[in-house]
Amino acid sequence: MTPRQQGMYWREWGRCREYFRGRGLTSAECDAKRHELHRRALGRDKSSKRFRNADLDKVIAAFRAVWDDANFDAQMRQQEQPDQRREDMITRCWDAARVCMGGDPAPDTTLAYLDGTAHKIFKVEFSALDERRLGVVMGILEKQEDRVRERDIKQVEKMEEEPF
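Caption draft 1: Representation of the environment of D45. Examined against the element boundaries, D45 turns out to sit in the loop between helix 2 (27–42) and helix 3 (53–67). In this structure, the C-alpha to C-alpha distance between D45 and R34, residues eleven residues apart in sequence, is 9.4 Å. Within the structure, D45 has its side chain in polar contact with the side chain of H35 (distance 2.9 Å).

Caption draft 2: View of a negative patch on the surface. Together, E157, E160, E161 and E162 give the surface a local cluster of negative charge. When you line up the elements, E160 lands in helix 7 (residues 131–161).

Caption draft 3: Seen up close, unusual backbone geometry. In the Ramachandran plot, K123 falls in the positive-phi region, its phi being about 65 degrees despite a non-glycine side chain. With respect to the element layout, K123 can be found in the loop between helix 6 (107–122) and helix 7.

Caption draft 4: Structural context of the confidence of the model for the chain. Mean pLDDT for the chain: 86, with 90% of residues reaching 70 or above. Confidence, read as mean pLDDT per element, is least for helix 4 (residues 72–79) in the chain (58) and greatest for helix 6 (94).

What counts and how
Residues numbered from 1 in each chain as written. Predicted model: local features only at pLDDT ≥ 70, side-chain atom pairs only at ≥ 80, totals over all residues. Heavy atoms only, no water. Helix = DSSP H or I, 4+ residues; strand = E, 2+ residues; numbered from the N terminus. Polar contact = N/O pair within 3.5 Å; in protein donor to acceptor, adjacent residues only side chain to side chain. Patch = residues over 30% accessible without salt bridge, like charges linked within 9 Å, V, L, I, M, F, W, Y side chains within 5 Å. Areas by Shrake-Rupley, 256 points an atom, 1.4 Å probe, with all protein chains shown as cover. Salt bridge = Lys/Arg side-chain N within 4 Å of Asp/Glu carboxyl O. Lys, Arg positive; Asp, Glu negative; His and termini not counted. Charge placed at Lys NZ, Arg CZ, Asp CG, Glu CD. pLDDT = per-residue confidence, 0-100.

Encoded structure:
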């Protein structure tokens, strides 16, 4: 987990722990409850240090179900985070691909570019990528996008330096 994610985890756990302490549980009992919530959310106990994004989302939703049980919307928003992350990554891939292709190509051309990139790396179509693989493709496309933008800036600077 990133430091930001760790902070989110411990902040949400702190609220949950406060809820349990307010009901008379000891520190040891609270810690046992935390592990129980991990098991309930993930199907097994797992160290928070080894959480993936989806694990964190499930555990935070479980924490919120305890300390803010009346706020169903907050619990559902957390459960929907994997879908939102995936949509954000797909949008970023499309945006980077358009820049790499030199402007505003037709959607079917952009999809063919994305499919080709995904196939070169993972031997599957773009739409078949899971969250981890989508992140890899996104990172590659965004690095390529940065190179294209740098090249374009250098070309403009060179043109500005040349006399007419």
